[in-house]
Amino acid sequence: MPLTTLDPRTALVVVDLQNGVVGIPGAPYATSDVVERSVRLADAFRAAGLPVVLVRVSFAADGGDMVPGRTEQAPRATTPPDGWDRIVDVLAGHPEDITVTKRNWSAFYGTDLDLHLRRRGITQVVVTGVATSIGVESTARAAHEHGYHVTLATDAMTDLDPEAHRGSVERIFPRLGETGTTEDVLKLLAH
C-alpha cells in the first residue's frame, strides 16, 4: 500500500547507522545515501517536534550478551574497533533524541524502545537504516506486532544484497505497513 498519512504522533526510528556499519557497501543504495536521507528525515522530524530514535547495536567486550544459538554462518572472530558502535556524527549530538542500544536484530526485543514510544503517545513509526532484511525488517515486524502503524522509507535503507532488499520491500513490508520514499515522508510531514 502506498504511503497515505502520518499520524500526529509519529516517531522516526533509525536503525544501525553507526560507525562500524556505515562503511559496509550497501545495495541497492549506497550507505552514504541512506545516511544522508535519514539525516534529512531526522532534521524534519526534530523541526516538527516529533521524536527521533537512534538505534545502535553493541555488545559487551567478552561477547557475553550476544545472541546465542547455532547458525550456519560463523560468528565474527575479530574484536570490533573502538567506537564502532557510536552513532554517526551527522546524526548524533541532539539531546532530545532517544538512543536505544540493542543486542539483537530487532530494536524492540530486550530494549526499552516500546516504553519510550508509548510514554510519548506514539502511534506510528517511520523506519530507516541498515540492513533492510535484518535490523530494519526485524524492527518493522516487531513494531507491527506491538500495534504501531509502520511506514518504511525504502530509499533510506539498504542491504548487503540488492535481492535481500528487494525481497523485504516487495514481499514483507506491504504486509507490515506502508512504504514510500524519503520525499513522500517529507511531503506528508510538511502538511
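A word on helix H2 (residues 31–47)
Part 1: A rise of 1.5 Å per residue sets the reference length of H2, with its 17 residues, at 24 Å; its end C-alpha atoms lie 24 Å apart and thus fit the reference within 8%.
Part 2: Regarding H2, the residues found buried are Thr31, Val34, Val35, Arg37, Ser38, Val39, Leu41, Ala42, Phe45 and Arg46.
Part 3: If you follow the buried residues of H2, they end up packed against strand E1 (10–15), helix H1 (19–22), strand E2 (52–57), strand E4 (124–130), strand E5 (149–158) and helix H6 (182–190).
Part 4: Gly49, located one to two residues past H2, shows a positive phi value of around 75°.

A word on the packing of aromatic side chains
Part 1: By the definition in use, this model includes one aromatic pair.
Part 2: On the basis of an interplanar angle of 35° and a centroid distance of 6.0 Å, the ring pair of Phe108 and Tyr148 is categorised as tilted. In this pair, Phe108 sits in the loop between strand E3 (98–102) and helix H3 (113–119) while Tyr148 sits in the loop between helix H4 (132–145) and E5, placing the two residues 40 residues apart along the sequence.
Part 3: Classification of Tyr148 by relative accessible area gives buried; the value is 4%.

Regarding the environment of Gly180
Part 1: Considering the arrangement of structural elements, one finds Gly180 in strand E6 (residues 178–180).
Part 2: Among the residues examined, Gly180 registers a relative accessible area of 6% and is labelled buried.
Part 3: Along the primary structure Gly180 and Thr151 are separated by 29 residues, whereas in three dimensions their C-alpha atoms are 7.5 Å apart.
Part 4: When neighbours within four sequence positions are excluded, Gly180 is seen to be in contact with Leu3, Leu152, Ala153 and Thr154.

What about the pattern of salt bridges?
Part 1: Tallied over the entire structure, the rule returns 11 salt bridges.
Part 2: In this structure, Arg141 and Glu137 form a salt bridge, with 2.8 Å as the shortest nitrogen-oxygen distance. You can see Arg141 and its partner Glu137 sitting in helix H4, four residues apart, about one turn around the helix.
Part 3: On the basis of relative accessible area, Glu137 is assigned to the buried category, the value being 10%.
Part 4: Here Arg166 and Glu163 are joined by a salt bridge, their closest N and O atoms 2.7 Å apart. Taken as a pair, Arg166 and Glu163 lie in helix H5 (residues 162–176) at a separation of three residues, close to a single helical turn.
Part 5: Residue classification places Arg166 among the partly exposed residues on the basis of a relative accessible area of 32%.
Part 6: Accessibility expressed as a relative area gives 48% for Glu163, which makes it partly exposed.

What counts, and at which threshold
Residues numbered from 1 in each chain as written. Predicted model: local features only at pLDDT ≥ 70, side-chain atom pairs only at ≥ 80, totals over all residues. Heavy atoms only, no water. Helix = DSSP H or I, 4+ residues; strand = E, 2+ residues; numbered from the N terminus. Expected span 1.5 Å × (residues − 1). Buried < 20%, exposed > 50% of the residue type's maximum accessible area, 1.4 Å probe, protein only. Contact = heavy atoms within 4.5 Å. Phe/Tyr/Trp six-rings, centres within 6.5 Å; stacked < 30°, edge-to-face > 60°. Salt bridge = Lys/Arg side-chain N within 4 Å of Asp/Glu carboxyl O.

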